[in-house]
Amino acid sequence: MKKAKRFCKILFRGWLVRISVLIILFFFLCAVASPLIATHDPNATDLYNKLASPSREHLLGCDQLGRDVFSRIVYGARVAFLVGILSVVVAMIVGCAVGLIAGYFGGWIDSVLMRIIDAQTAIPSMILAMAIVAVLGRSVVMLILILGFSNIPGFARMMRGQVMTVREMDYVAASKIRGNSSFVTMMKHVFPNCVSPIIVVMTQSIGGSILAEAGLSFLGVGIEPPTASWGAMVSAGFSNLTDAPVFALAPGVAIILLVLAFNIFGDALRDALDPRIRSMD
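Residues numbered from 1 in each chain as written. Predicted model: local features only at pLDDT ≥ 70, side-chain atom pairs only at ≥ 80, totals over all residues. Heavy atoms only, no water.

**Q** Describe the pattern of salt bridges, and please don't skip the residues or the numbers.
**A** Overall, the coordinates contain six salt bridges when judged by the stated rule. Taking the shortest distance from any N to any O, the salt bridge between D118 and R115 comes out at 2.9 Å. With D118 and R115 both in helix α5 (residues 107-121), this residue pair falls three residues apart, about one helical turn. Judged by relative accessible area, D118 falls into the partly exposed class, the value being 31%. Residue R270 is joined to D267 by a salt bridge in which the shortest nitrogen-to-oxygen separation is 3.7 Å. Residue R270 and its partner D267 are located together in helix α12 (residues 245-273), separated by three residues, close to a single helical turn. One network of salt bridges, with partners in common, ties together R115, D118 and R157. (Salt bridge = Lys/Arg side-chain N within 4 Å of Asp/Glu carboxyl O. Helix = DSSP H or I, 4+ residues; strand = E, 2+ residues; numbered from the N terminus. Buried < 20%, exposed > 50% of the residue type's maximum accessible area, 1.4 Å probe, protein only.)

**Q** Describe helix α4 (residues 69-105), naming the residues involved and giving the relevant values.
**A** With 37 residues, α4 should reach 54 Å at 1.5 Å per residue; the first-to-last C-alpha distance of 53 Å fits that figure. Downstream of α4 by a residue or two, G106 has a phi angle that is positive, lying close to 65 degrees. (Expected span 1.5 Å × (residues − 1).)

**Q** So what's going on with a nonpolar patch on the surface? Residues and values would help.
**A** Among the surface-exposed residues, M126, I127, M130, F218, L219, F238, L241 and L249 lie close enough to one another that they form a single nonpolar patch of about 750 Å² accessible area. Among the elements that take part in the nonpolar patch, helix α6 (residues 125-136) stands out by supplying three residues, more than any other. If you trace the backbone, L249 turns up in helix α12. (Patch = residues over 30% accessible without salt bridge, like charges linked within 9 Å, V, L, I, M, F, W, Y side chains within 5 Å. Areas by Shrake-Rupley, 256 points an atom, 1.4 Å probe, with all protein chains shown as cover.)

**Q** Tell me about the packing of aromatic side chains, and name the residues and values.
**A** If you walk through the whole model with that rule in mind, you get five aromatic pairs. Taking the centre distance of 5.4 Å and the plane angle of 65 degrees together, the rings of F27 and W230 count as edge-to-face. Of this pair, F27 sits in helix α2 (residues 15-32) while W230 sits in helix α11 (residues 230-238), placing them 203 residues apart in sequence. What makes F27 buried here is its relative accessible area of 8%. Owing to a relative accessible area of 2%, W230 belongs among the buried residues under this scheme. Measuring from centroid to centroid gives 5.6 Å for F28 and F81, while their planes differ by 75 degrees, and the two rings are edge-to-face. Highlighted residues: F28 in helix α2 and F81 in helix α4, separated in sequence by 53 residues. Put simply, the rings of F26, F27 and W230 pair up and form one aromatic cluster. (Phe/Tyr/Trp six-rings, centres within 6.5 Å; stacked < 30°, edge-to-face > 60°.)

**Q** So, the environment of M169: which residues are in play, and what are the values?
**A** Mapped onto the secondary structure, M169 falls in the loop between α7 (140-166) and α8 (170-177). A residue is classified by how much of its surface remains accessible, and M169, at 36% relative accessible area, is partly exposed. Put simply, M169 and A80 are 89 residues apart on the chain and 40 Å apart in space, counted from C-alpha to C-alpha.

**Q** Before we move on, can you summarise the nonpolar core with the specific residues and values?
**A** Membership of the largest hydrophobic core comes to 57 residues, with the highest contact counts inside it found for V190, W230 and L258. Looking at this core element by element, the count peaks at 14 residues for α4. Residues in contact with L258, not counting those within four places in the same chain, are I23, I24, F27, A80, F81, I210 and W230. Grouped together as the second largest cluster of nonpolar side chains are 13 residues, V83, V133, M142 and A212 included. (Core = buried A, V, L, I, M, F, W, Y, C linked by side-chain atoms within 4.5 Å. Contact = heavy atoms within 4.5 Å.)

**Q** How would you summarise the state of the cysteines if you had to cite specific residues and measurements?
**A** Following the criterion strictly, the structure yields zero disulfides and no others. This cysteine, C30, is not joined by any disulfide, and C62 carries the nearest cysteine sulfur, 18 Å off. (Disulfide = S-S within 2.5 Å.)

Structural data, given as structure tokens:
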């Protein structure tokens with residue numbers, strides 16, 4: 001109980017962290033309860049209200065097709081969280097498995113796996129995403145897999161570095177002496193002691209994946225219309241920036257706030273999980 005209180009004290013000691021958590025919770029609520037929060041159907045067009053200014057009926061105005069901007073931002077939070085979280089989960093599962101095996105066994109297994117990771121890193125993720133989308137088409141599932149694939153190297157390298165340190169510990173040697181298999185030793189003794197930095201990388205990677213999804217949608221290779229996506233909204237609103245600035249600025253501000261919130265929370269989580277900082281407090 002005392003450890004939990006100390007952890008929370010370190011995690012939430014800065015006002016920026018508290019604000020970032022509130023921002024994340026707000027957008028998460030928008031994603032979960034979109035039908036209850038949205039004031040209009042996000043895909044309903046009304047050319048009479050084309051590029052309408054903010055009003056009581058349309059809180060943030062309307063886009064070039066007369067669709068309510070506020071409602072599309074609320075529904076766009078679903079895409080942001082869905083793609084951001086699931087792509088990171090995919091990257092974490094594959095990357096941690098690769099890093100765990102490479103770091104534990106070492107030798108030629110480590111060399112082969114890390115050279116594959118290096119080769120993947122050499123391919124720009126945006127170019128790879130655009131090429132895959134051009135061949136296989138656009139969909140939420142495809143975007144999750146593409147962004148997950150591009151995030152694998154970060155998790156693999158982090159896990160490998162942690163495993164190479166932990167595998168030299170006495171409790172790992174004791175597990176081997178007792179006759180436990182490599183799989184049991186890795187999952188029971190090595191992996192649990194490498195989780196803390198992975199959690200931090202996960203939190204910070206979510207913001208990066210949300211930004212990447214917005215960038216791909218801005219370029220027209222992300223979420224397929226008419227599904228609401230913040231990046232696509234910024235792209236559509238850019239050409240009408242002088243006539244209806246809120247149309248482009250509102251989704252852009254949503255992207256900035258959510259990405260910054262995840263990055264700030266990730267930094268605070270790193271500090272809270274750092275044993276040196278915990279010992280000083």
